[in-house]
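Here is what each chain is made of, one letter per residue.
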Amino acid sequence: MPRTALIVFLLMCFAAAPVPAQPSGFLQTPVAMEAEGFQEVLFKVAPNVYLSGQPSEAGFARAKQLGVTRVINLRTNMEMDSREVVPFDEAQLLADLGLDYVHVPSGGPKTPYAPELVAQVADAIAGTQGNVLLHCTVAWRATHLWTAYLIEHQDVPFAQALAVGRQLNFGTFPLEGYLDAPLTVTPLQSSQESDNNE
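Residues numbered from 1 in each chain as written. Predicted model: local features only at pLDDT ≥ 70, side-chain atom pairs only at ≥ 80, totals over all residues. Heavy atoms only, no water.

> Lay out the environment of R83 in plain terms, naming residues and giving numbers.
Its place among the elements puts R83 in the loop between α3 (77–81) and α4 (90–97). Ignoring sequence-local partners within four residues, the contact set of R83 consists of F88 and D89. Within the local environment of R83, its side chain forms a polar contact with the backbone oxygen of M80, the two atoms lying 3.0 Å apart. Looking at R83, its side chain comes within polar contact range of the main-chain oxygen of V86, at 3.0 Å. (Helix = DSSP H or I, 4+ residues; strand = E, 2+ residues; numbered from the N terminus. Contact = heavy atoms within 4.5 Å. Polar contact = N/O pair within 3.5 Å; in protein donor to acceptor, adjacent residues only side chain to side chain.)

> Account for the pairing of strand β3 (residues 49–52), with residues named and values stated.
Looking along a regular strand, one sees side chains alternate from face to face of the sheet. Alternating positions in β3 separate into two faces, V49 and L51 on one and Y50 and S52 on the other, with burial throughout. For strand β2 (residues 42–46) and β3, the ladder comprises four bridges, and the chain directions are antiparallel. Bridge pairing in β3 places K44 opposite Y50. With four bridges connecting them, β3 and strand β6 (residues 131–135) associate as parallel partners. Paired with V49 across the strands is V132, a residue of β6. (Buried < 20%, exposed > 50% of the residue type's maximum accessible area, 1.4 Å probe, protein only. Pairing = 2+ DSSP bridges.)

> So what's going on with the environment of V185? Which residues, and what values?
Structurally, V185 can be placed in the loop between α8 (174–179) and α9 (191–197). Remark: the alpha-carbon pair of V185 and A159, spanning 26 residues in sequence, is separated by 8.1 Å. Setting aside its immediate chain neighbours within four residues, V185 contacts F158, L162, R166 and F173.

> If you had to explain the side chain of E79 to someone new, which residues and values would you point to?
You can see E79 is positioned in helix α3. One polar contact links E79 to T137, side chain to side chain, over a distance of 3.1 Å. In contact with E79, other than residues within four places in its own chain, are V85, V86, T137 and R141.

> Give me the lowdown on the packing of aromatic side chains, citing residues and values where you can.
Per the counting criterion, the structure on display carries three aromatic pairs. Here the aromatic rings of F170 and F173 are separated by 6.4 Å at their centres, their planes lie at 80°, and the arrangement is edge-to-face. (Phe/Tyr/Trp six-rings, centres within 6.5 Å; stacked < 30°, edge-to-face > 60°.)

> Describe helix α5 (residues 115–126), with residues and values.
In this model, α5 (twelve residues) spans 16 Å end to end at C-alpha, consistent with the 16 Å of a helix rising 1.5 Å per residue. Along α5, the residues that are buried comprise L117, V118, V121, A122, A124 and I125. Buried residues of α5 fall within an arc of 165° about the axis and therefore sit on the same side. Exposed and facing more than 90 degrees away from the buried side of α5 are P115, E116, D123 and A126. Elements in contact with the buried residues of α5: β3, β4 (68–73), β5 (100–103), β6 and α6 (140–153). (Expected span 1.5 Å × (residues − 1). Arc of directions from axis to C-beta.)

From the geometry alone we can't say anything about function, so treat these as descriptive.
Laid out in structure tokens, this is it:
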């Protein structure tokens, strides 16, 4: 009888032991959705975050039906100011739909890729009631920024975040095609490591 009691006690201890925390706020396997109304792709990447290429006017209406209350646009000012590139005023359209608009131009000489842009997007996501749509042209920049966000703001290990990004529209390096072999990417030093070294 004492042996049975000991086994029951040990099982209760293991059951009550805290489970190591897993990064939250993202999906390990993003959900690819029908991309009608979005240029090339639409993914659900977190319980409250969608990632896509440029939405059309109908795409934004569909996003609203998905519960999106805030749109984060990574396209540059030059892209957004050209009606040949985007045939409507995105900010005005979203205002008409009652959606919050956050423009974080990303890329090009005036707005180069930088950690500050990732921080702006993190703040915009954190401050949202409802769902978020993060987009650029074809979701390439959005995928790279989302991957950086996972690393810097969700404490997801680099390799795991990169694996998530590769399920989206991360793309390949031309060298992979030339060599007909996938490459691995390793950071020389993350900002988290440099903070710890100071």
